[in-house]
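Coordinate analysis (summary)
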Amino acid sequence: MQGQRPCRLAVARDQAFCFYYGENLRRLEAAGLRLVPFSPLADAALPPGVDGLYLGGGYPEVHAAALSGNAAMRRAVRDFCRSGRPVYAECGGFMYLMESLADLDGRQWPMAGVFALQAAMGGRFAALGYREVTTRAATLLGPAGTVLRGHEFHYSRLTRVPAGIPAVYGLTGRKGVIDTPEGFVAGGTLGSYVHLHFGSNPEAAAHFAAACAEGR
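Residues numbered from 1 in each chain as written. Predicted model: local features only at pLDDT ≥ 70, side-chain atom pairs only at ≥ 80, totals over all residues. Heavy atoms only, no water.

A closer look at the nonpolar core
It is characteristic of soluble globular proteins that their nonpolar side chains tend to be buried jointly. By size, the foremost hydrophobic cluster in this structure holds 60 residues, and its most contacted members are V77, Y88, Y96, L97, L141, L196 and F198. It is helix α5 (residues 203-214) that provides the largest number of residues to this core, a total of six residues. If near-sequence neighbours (up to four positions away) are discounted, V77 is found in contact with L46, L53, Y96, L97 and A112. (Core = buried A, V, L, I, M, F, W, Y, C linked by side-chain atoms within 4.5 Å. Buried < 20%, exposed > 50% of the residue type's maximum accessible area, 1.4 Å probe, protein only. Helix = DSSP H or I, 4+ residues; strand = E, 2+ residues; numbered from the N terminus. Contact = heavy atoms within 4.5 Å.)

Things to note about the pairing of strand β16 (residues 189-192)
Neither face of β16 is left uncovered, since the one carrying T189 and G191 and the one carrying L190 and S192 both have all their residues buried. As paired strands, strand β15 (residues 184-186) and β16 are joined by three bridges and run antiparallel to one another. Its bridge partner lying in β16, A186 is registered against T189. Taking the residues between adjacent antiparallel strands as the criterion, β15 and β16 are bridged by two residues, where G187 takes a positive phi near 65 degrees. (Pairing = 2+ DSSP bridges.)

Quick look at the packing of aromatic side chains
With the rule as written, the count across this model stands at ten aromatic pairs. Aromatic side chains F17 and Y96 sit 5.6 Å apart centroid to centroid with 70 degrees between the ring planes, which places their arrangement in the edge-to-face category. Residue F17 is found in strand β2 (residues 17-19), and its partner Y96 is found in helix α4 (residues 92-96); the two are separated by 79 residues along the sequence. The exposure classification of F17 matches that of Y96, with both residues buried. With a centroid separation of 5.0 Å and an interplanar angle of 90 degrees, the aromatic rings of Y20 and Y54 are classed as edge-to-face. In this pair, Y20 sits in the loop between β2 and α1 (22-30) while Y54 sits in strand β4 (residues 52-55), placing the two residues 34 residues apart along the sequence. Take Y20 and Y54: they sit in the same class, and that class is buried. Following the ring pairs from residue to residue traces out a cluster consisting of Y20, Y54, Y88, F198 and F208. (Phe/Tyr/Trp six-rings, centres within 6.5 Å; stacked < 30°, edge-to-face > 60°.)

Focus: the sheet that holds strand β6 (residues 87-90)
Strand order in the open sheet formed by six strands is β3-β1-β4-β6-β16-β15, with mixed pairing between adjacent strands. Bordering the open sheet on either side are β3 (34-38) and β15, each of which pairs with just one other strand. Each strand of the sheet is rotated relative to its neighbour by a mean of 20 degrees, with strand direction disregarded. Summarising the sheet, β4 and β6 pair through three bridges and their orientation is parallel. Opposite L53, over in β6, you have V87 as the bridge partner. (Axes fitted to C-alpha atoms, helices over the stretch in contact; angles between N-to-C directions.)

Regarding the environment of E23
Along the polypeptide, E23 turns up in helix α1. Between the C-alpha atom of E23 and that of Q108, which follows or precedes it by 85 residues, the distance is 34 Å. Leaving out residues up to four positions away in the same chain, E23 has contacts with H197 and G199.

Quick notes on α1
Of all the residues in α1, the buried ones are N24, L25 and L28. Down the axis, α1 shows its buried residues gathered within 95 degrees of arc, on one side only. More than 90 degrees from the buried face of α1, the exposed residues found are R26 and A30. Of the surrounding secondary structure, the elements contacted by the buried residues of α1 are β1 (8-12), β3, β4, β17 (195-197) and α5. (Arc of directions from axis to C-beta.)

Observations concerning helix α3 (residues 71-82)
Between its first and last C-alpha, α3 extends 16 Å over twelve residues, near the 16 Å set by a 1.5 Å rise per residue. One or two residues past the end of α3 sits G84, with phi positive at roughly 90 degrees. (Expected span 1.5 Å × (residues − 1).)

So, the side chain of T189
Structurally, T189 can be placed in strand β16. Here T189 is in contact with C81, V87, L97, V114, F115 and F184, once residues within four sequence places are set aside.

As structure tokens, then:
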């Protein structure tokens, strides 16, 4: 519609969430989204008037106490996700959307509680390598059968995965099929340990932008 404001995508950017492929951000802007940074560590609320969220990777385990202590932001993110509007979270951002994160000392830190999942940090790699994802159902990144590539690099592992929770990624790595649940969906929220590179499928950013426009 002529004169309608650009869609606004809130992007988590602080010490806890600092890993993004620059190409992903450029493609999202080229698709018409206005990127609006916010801090899950320091802010009490999401930026006003945003149409979607992008929670990238980083070090939530290092800042678990502060993230958990910011109950107002955890509640704001949870409420936004439950509204059905589009949210994409990868690795650290995905961990933030779980019920809790256990640090290396075994302390459990409550997180946003969007996914009925729990994670625990370990002293060694839980996953490391390049990945190819094929979606088994439509997501905010495209229709079923969408193929994207990226990588996994994390020390945490899932310690609670309830039976029946939707997981829509088919995952392959250097040695073939990786038979583990990935690409979790809750309403309009998509979360995964995989850092996807939108350059591997240029339509992904356009689909994300379209999902933001539809959710206004």
